[in-house]
Every structure is written in structure tokens, then in C-alpha cells.
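This is what each chain is made of:
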Number of protein chains: 2
Amino acid sequence: TLLENPEGLKMGGERRKITILTSDLRGFTALSERLPPEEVVKILNFYLGYMADTITAYQGTIDEFMGDGILVLFGAPTVREDDPRRAIACAIAMQQAMTPVNEKMEEWGLPLLEMGIGINTGEVVVGNIGSEKRTKYGIVGSQVNLTYRIEGYTIGGQILVSETTLQAAGDEIKINGQKEVSPKGVKKPITIYDIGGIGGEYNLFLETNEEEFVVLPEPLP
Amino acid sequence: TLLENPEGLKMGGERRKITILTSDLRGFTALSERLPPEEVVKILNFYLGYMADTITAYQGTIDEFMGDGILVLFGAPTVREDDPRRAIACAIAMQQAMTPVNEKMEEWGLPLLEMGIGINTGEVVVGNIGSEKRTKYGIVGSQVNLTYRIEGYTIGGQILVSETTLQAAGDEIKINGQKEVSPKGVKKPITIYDIGGIGGEYNLFLETNEEEFVVLPEPLP
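Residues numbered from 1 in each chain as written. Chains lettered and ligands numbered in written order. Predicted model: local features only at pLDDT ≥ 70, side-chain atom pairs only at ≥ 80, totals over all residues. Heavy atoms only, no water.

A. Layout of the relation of the copies chain A and chain B. You can overlay chain A on chain B at an RMSD of 0.0 Å; the transform is a turn of 180 degrees with a shift of 0.0 Å along its axis. Interpreted geometrically, this transformation is the action of a two-fold axis. By C-alpha distance to the rotation axis, the residue of chain A lying nearest is E64(A), at 4.5 Å. (Least-squares fit on C-alpha atoms with pLDDT ≥ 70 in both.)

What follows is the structure, given as C-alpha cells:
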């Protein structure tokens, strides 16, 4: 057994630079307490189904669903050169997938859902982590915690990324704004960036509120 | 597929009062960044193996390993009358299992590990949550977040429980202390209790620092 021969397990472990994406539905926990439990699970499974399809299309690894939260890895187990860029494109596609999700919410007569996404790039330890009976590909490191903190700054519909992700993501990233924040556990302030879109091969842009303004007809003379 | 027929999934969902236990290794994330990655995974797997055996012995459901963190449910999927009491007994046994874990750390020439545990009892939504390809028994609700907050107040070796858990846990719970805290997301302050042991059928007690004092020999006259 494991306890008799822990060294026999040999599940490895590797330090690797990866891009981490976390998302959650802002305010969903509170909403979940007002809805019948069957509705809560129905909404979650509908939403997570859309997100899983999107993440898979962008070659992200879903490490974890935690309630309405998702932890996604780009660069583990498989490293690809464009991991940070693909993570940003994936995040925009996830936000765009909220449109059909919310069409269904409306059809069901339920409140609309709003998702926040945080992305960060840095070194973590990856490996098969767990007990003898229950192992999974997992990650450990302060960069994981930092990603959750960055996500915690989002409002619904927003994608916030760290400077390390932005710098590694290549050209034609549209930024709506930036701010300096001091997340818990980080020694000095960091700058995070509010992503508006990505050009080039992806050409994906978030709808801005401006675009939703209706053009007023010319006033009658 | 799920997207075409989400209602066809029928994975249910239920609101239920359960006892939630979360644990993590205090300071392990920082330690993990100083150690070789193989050592990090070796330590985690050795530690999680011991904890999984202990949790299983107390009929807890391991919902999740997240790095060095563990999320355990008592009362889901199977409800038992003594869930809160068993959760407390399990937590003490987990802390006691740190003794053999740390004997191994010493043997390996590694720093000793310290675990904190939070326990809380309350209503959550439980169900099979996820996408079509990836579903797990999961939980949603503010009581889950609160458990993590309570765990966040621990120092190494400590077990902190909410008042709801303590009141539901029955007789002969030894309390070392209590304090009022105002966790994020909770409207008014709550009292949390520092568990020292459990009598009755379990008879498990944490070693206190006092017990570690050596009795001095009588001074020579």
C-alpha cells in the first residue's frame, strides 16, 4: 500500500511555466440559495457544458469544476508556444458563449448570468497529485492563488489578465484599461489589464456598452 | 448532445444540510516554490495518502484535492445522524496523523508540515455537476465559502468549527477557546471554536503544548 511504500508511487512532478485561467459566475452563490436545487444544478450543467465545449475548442485543460468555478490550464500537460495567447482568445470566446447561455436563462425565466475571468502566467509545480486511490493531474504554487485573486477583481463580463500573460500573448491584444492592485500574498502591487479583444488569427472582440447604444434618428426640424 | 438537449441530462440536485470540512497545509505553497518539483509531489502524495485513509475511516466523502487542500463532505451523498460529530472526530484523527507524516518529513530531511482544518454545518445544493463529458458529485452554496473562511483563520495544528457544527456535534467536545470573527460575505460576526478533543465513543484529544512540557526533577537540596 501507499503507506508501506510511498516512494513506490513515483508519480513525478515538474516545474513549468503555464498559463492559468479561472472563471466564475459573479453572484451565483447568492442566487443558488434562492432557487430550487434542481434549477441550480440545471443552470450549472447547462452553463458548464457550453464552457467545456469552448475550452476544449481552444485546447485548454479543464483541471477542475468547483461549483460554478472553473480552473483551466494552458501549457499542461501539453506545452504549446501560444499558450498565453490561446488562453486570452479562449476567455473571449467563453464570454461570447454567455450570449446563448443567457438566451436559455431568459427562456427559462431565470436571472441572467455574469461571468468573470482571471488569467495569469507563471511557474507552478504540475504532477499527478493525490492518494493511491484517487490521483489527478494537479498544480501547486502561488501563481495559482494569484490567478484566483485576479479573477476576484472582475465584474461580470470582464477578463482581467496579469502583466506576465499580456507580455507573453503577442500582438493585437485590445486593452480596455489597466489598474494597479495589491492582492493578498503578493509583496508589491501588480498591474492587471482589462481585455477587450484579440486581433490577428482570432479576431474576437467583446461587445462594449458603446456598441449597444442605439443611433438616434435625426430630430425633426 | 448536451447543447441540443440540456434538459435530457437530468442529473438532479438537492438542498441538504451537510457538514463540510476543509484542510490545507499552512505555508506549503511558499515551501513548494523552494523545493525541487519531485519533492513537492512526493510530499503531497505521502501526506494526502495518510489523510485519505483517515477520512475514509471516518466515512467522509473526499470531494476534491486542490494542491495541498482537501474538501470533505459528511452527509453527502449518504446522510448519517452523527455527521457533525464524526467530522470533528475525523479532524482530530487527521491532526494526529500528521505525527507519522512529519516523522517521514524528518527522515527525508524536509521541513515539518502544519495543517489547519475548518468545519462548518449548513444547507448547500448537492448534485452531479459538470459538463456532459465530465461530471462529479459537487456542492454549491455560501456555506462552502464560509468553511474556507473559517479554515483561513487557523494556524498549523488547529481545528476551528462554526457554532452550527459545535451545536450539532453532541456532548463531550473539548474547546480550547473561541473567538468572534467577521468573515467576508457574512452579514454579522460569527463565533468559531478551537477544538481540543472529543470524548465519549471516540476519545481523541489533541496534544497540547502543556503536555509537551517536561517535568523537571526536584532541585537538589
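Let us keep going from here.
B. Structural detail: the pairing of strand β5 (residues 134–140) of chain A. Residue and element names in this part refer to chain A. As paired elements, strand β4 (residues 115–131) and β5 share 7 bridges and run antiparallel to each other. Residue V125 lies in a different strand from β5, and its bridge partner there is V140. Two successive antiparallel strands, β4 and β5, enclose a turn made up of 2 residues. (Pairing = 2+ DSSP bridges. Helix = DSSP H or I, 4+ residues; strand = E, 2+ residues; numbered from the N terminus.)

C. Expanded view of the pattern of salt bridges. All names here are of chain A. This structure, assessed with the given rule, holds 20 salt bridges over all chains. The shortest N-O distance in the salt bridge between E201 and R85 comes to 3.0 Å. Pair noted here: E201 is in the loop between β8 (190–198) and β9 (204–205) and R85 is in helix α3 (residues 83–107), with a separation of 116 residues, a long-range link. A relative accessible area of 55% places E201 in the exposed class. Look at the salt bridges and you will find they share partners, linking D24, R26 and E151 into a network. (Salt bridge = Lys/Arg side-chain N within 4 Å of Asp/Glu carboxyl O. Buried < 20%, exposed > 50% of the residue type's maximum accessible area, 1.4 Å probe, protein only.)

D. Geometry of the packing of aromatic side chains. All names here are of chain A. Scanning all chains against the criterion turns up 6 aromatic pairs over all chains. Both rings, one in F46 and one in W108, keep their centres 5.4 Å apart while their planes meet at 65 degrees; by these two values the pair is edge-to-face. Of this pair, F46 sits in helix α2 (residues 37–57) while W108 sits in the loop between α3 and β4, and the two are 62 residues apart along the sequence. Accessibility assignment for this pair places F46 and W108 in one class, buried. Linked through ring pairs, F46, Y50 and W108 together constitute an aromatic cluster. (Phe/Tyr/Trp six-rings, centres within 6.5 Å; stacked < 30°, edge-to-face > 60°.)

E. Fine view of the interface of chain A and chain B. Of the residues lining the interface, 52 residues belong to chain A; the matching set on chain B comes to 52 residues. Summing both partners gives a buried area of about 3,900 Å² for chain A against chain B, and 60% of it is carried by carbon and sulfur. Our enumeration of links across chain A and chain B arrives at 16 residue pairs in polar contact (both at pLDDT 80 or more). Elements with a contribution of two residues or more to the side of chain A that touches chain B: β1 (14–25), α1 (28–34), α2, β2 (61–66), β4, β5 and α4 (142–152) of chain A. The residue makeup of the side of chain A that touches chain B, split by class, is 25 nonpolar, 15 polar and 12 charged. (Contact = heavy atoms within 4.5 Å. Buried area = accessible area lost by both parts, 1.4 Å probe. Polar contact = N/O pair within 3.5 Å; in protein donor to acceptor, adjacent residues only side chain to side chain. Nonpolar A, V, L, I, M, F, W, Y, C, P; charged D, E, K, R; others polar.)

F. Structural detail: the environment of L146(B). Residue and element names in this part refer to chain B. Its place among the elements puts L146 in helix α4 (residues 142–152). By relative accessible area, which is 12% here, L146 ends up buried. When the C-alpha atoms of L146 and G185 are compared, they prove to be 7.9 Å apart, with 39 residues separating the residues in sequence. Each residue touching L146, except ones within four places of it in the same chain, is listed here: N120, P183, V186 and I190.

G. Quick look at the side chain of D63(B). Mapped onto the fold, D63(B) is located in strand β2 (residues 61–66). The class for D63(B) is buried, based on a relative accessible area of 6%. With residues near it in sequence (within four places) discarded, D63(B) still touches R134(A), L71(B), V72(B), L73(B), K136(B), Y137(B) and G138(B).

H. View of the packing of helix α2 (residues 37–57) of chain B against helix α3 (residues 83–107) of chain B. All names here are of chain B. Remark: α2 packs on α3, axes separated minimally by 9 Å, with the N-to-C direction vectors making an angle of 150 degrees. Regarding α2 and α3, the two cross each other, and that crossing is right-handed. Across from I43, F46, Y47, Y50, M51, T54 and I55 in α2, the residues of α3 making contact are C90, A93, M94, A97, M98, P100, V101, K104 and M105. (Axes fitted to C-alpha atoms, helices over the stretch in contact; angles between N-to-C directions. Left-handed = near helix turned anticlockwise from the far one by under 90°.)

These figures capture arrangement, not role.
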